[in-house]
Amino acid sequence: MTPPYRAQRAIAAASLALAVTAGGLAIASTAQAYDTDTTTISCSAVKIRKAPSKTSTVVGIGYRHDKVTYDQFAYKKAEKTWYTRGTVTRKSDGKKIRGYMIYNCANPYQTNPAPKPSIPK
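A quick note: this is a predicted structure, and the numbers were derived from the prediction, not measured. (Residues numbered from 1 in each chain as written. Predicted model: local features only at pLDDT ≥ 70, side-chain atom pairs only at ≥ 80, totals over all residues. Heavy atoms only, no water.)

Side note on the nonpolar core
Here comes step 1: Within the largest apolar cluster, 15 residues are counted, with the highest numbers of intra-cluster contacts made by Ile41, Val46, Val68, Phe73, Trp82, Val88 and Met101.
Here comes step 2: At the level of elements, β2 (45-49), β4 (67-76), β5 (81-89) and β6 (96-102) are the ones that each hand at least two residues to this core.
Here comes step 3: Per-element accounting of this core gives the leading share, four residues, to β4. (Core = buried A, V, L, I, M, F, W, Y, C linked by side-chain atoms within 4.5 Å. Buried < 20%, exposed > 50% of the residue type's maximum accessible area, 1.4 Å probe, protein only. Helix = DSSP H or I, 4+ residues; strand = E, 2+ residues; numbered from the N terminus.)

Things to note about the environment of Ile102
Here comes step 1: Structurally, the position occupied by Ile102 is in strand β6.
Here comes step 2: Residue class for Ile102 comes out partly exposed when judged on its relative accessible area of 29%.
Here comes step 3: Sequence separation of Ile102 and Ala74 is 28 residues, and the distance between their C-alpha atoms is 9.7 Å.

Observations concerning the environment of Ala106
Here comes step 1: Relative to the elements of secondary structure, Ala106 occurs in the segment after β6.
Here comes step 2: Along the primary structure Ala106 and Arg85 are separated by 21 residues, whereas in three dimensions their C-alpha atoms are 8.9 Å apart.
Here comes step 3: When neighbours within four sequence positions are excluded, Ala106 is seen to be in contact with Thr39, Thr40, Val68, Thr84 and Met101. (Contact = heavy atoms within 4.5 Å.)

Quick notes on the state of the cysteines
Here comes step 1: Under the defined criterion, the tally for this structure stands at one disulfide.
Here comes step 2: A disulfide bridge connects Cys43 with Cys105, and the sulfur atoms are separated by 1.9 Å. Between Cys43 and Cys105 the disulfide shows an S-S torsion of about -80 degrees. By sign, it is left-handed. Separated by 62 residues along the polypeptide, Cys43 in the loop between β1 (31-40) and β2 and Cys105 in the segment after β6 bring together distant segments of the chain.
Here comes step 3: For Cys43, a relative accessible area of 13% corresponds to the buried category.
Here comes step 4: For Cys105, a relative accessible area of 9% puts it in the buried group. (Disulfide = S-S within 2.5 Å.)

Let's talk about the confidence of the model for the protein chain
Here comes step 1: Put simply, the protein chain has an average pLDDT of 77, and 62% of its residues get 70 or more.
Here comes step 2: In this model residues 22-29 is a low-confidence stretch, pLDDT under 50, and it forms one contact with partners more than four residues away in sequence or in other chains. (pLDDT = per-residue confidence, 0-100.)

As for unusual backbone geometry
Here comes step 1: Unusually for a residue other than glycine, His65 sits at a positive phi of about 75 degrees.
Here comes step 2: Within the secondary structure layout, His65 lies in the loop between β3 (58-63) and β4.
Here comes step 3: According to the relative accessible area criterion, His65 is partly exposed, its value standing at 47%.
Here comes step 4: Even without being glycine, Lys80 reaches a positive phi, approximately 55 degrees.
Here comes step 5: By the element assignment, Lys80 lies in the loop between β4 and β5.
Here comes step 6: A relative accessible area of 69% means that Lys80 is categorised as exposed.

Here you go:
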């Protein structure tokens, strides 16, 4: 009747919580997720890349004062560089480009250079 169903439901909820927690711990060392917010590009131009790496494929270019809706920051240990992931909406043609850009050019503080998050261990 009711007790076995409640027990099954509790076990399912605990399993789901464990899976979500484990998944969060797996990516926490390389990327930090934050609430989505908007800012603007503070550099004259910035390459938007497919992955957080200086050697990754360039998917587009964003220019000063283009709007950025960001949702994640990633630290590349080998390059000692922070990246911002988000969608850039260009003022010139309205094109939306999704990818990673150098943190100093697209940061939530709208200043250059920005205070960087702490480096993951």
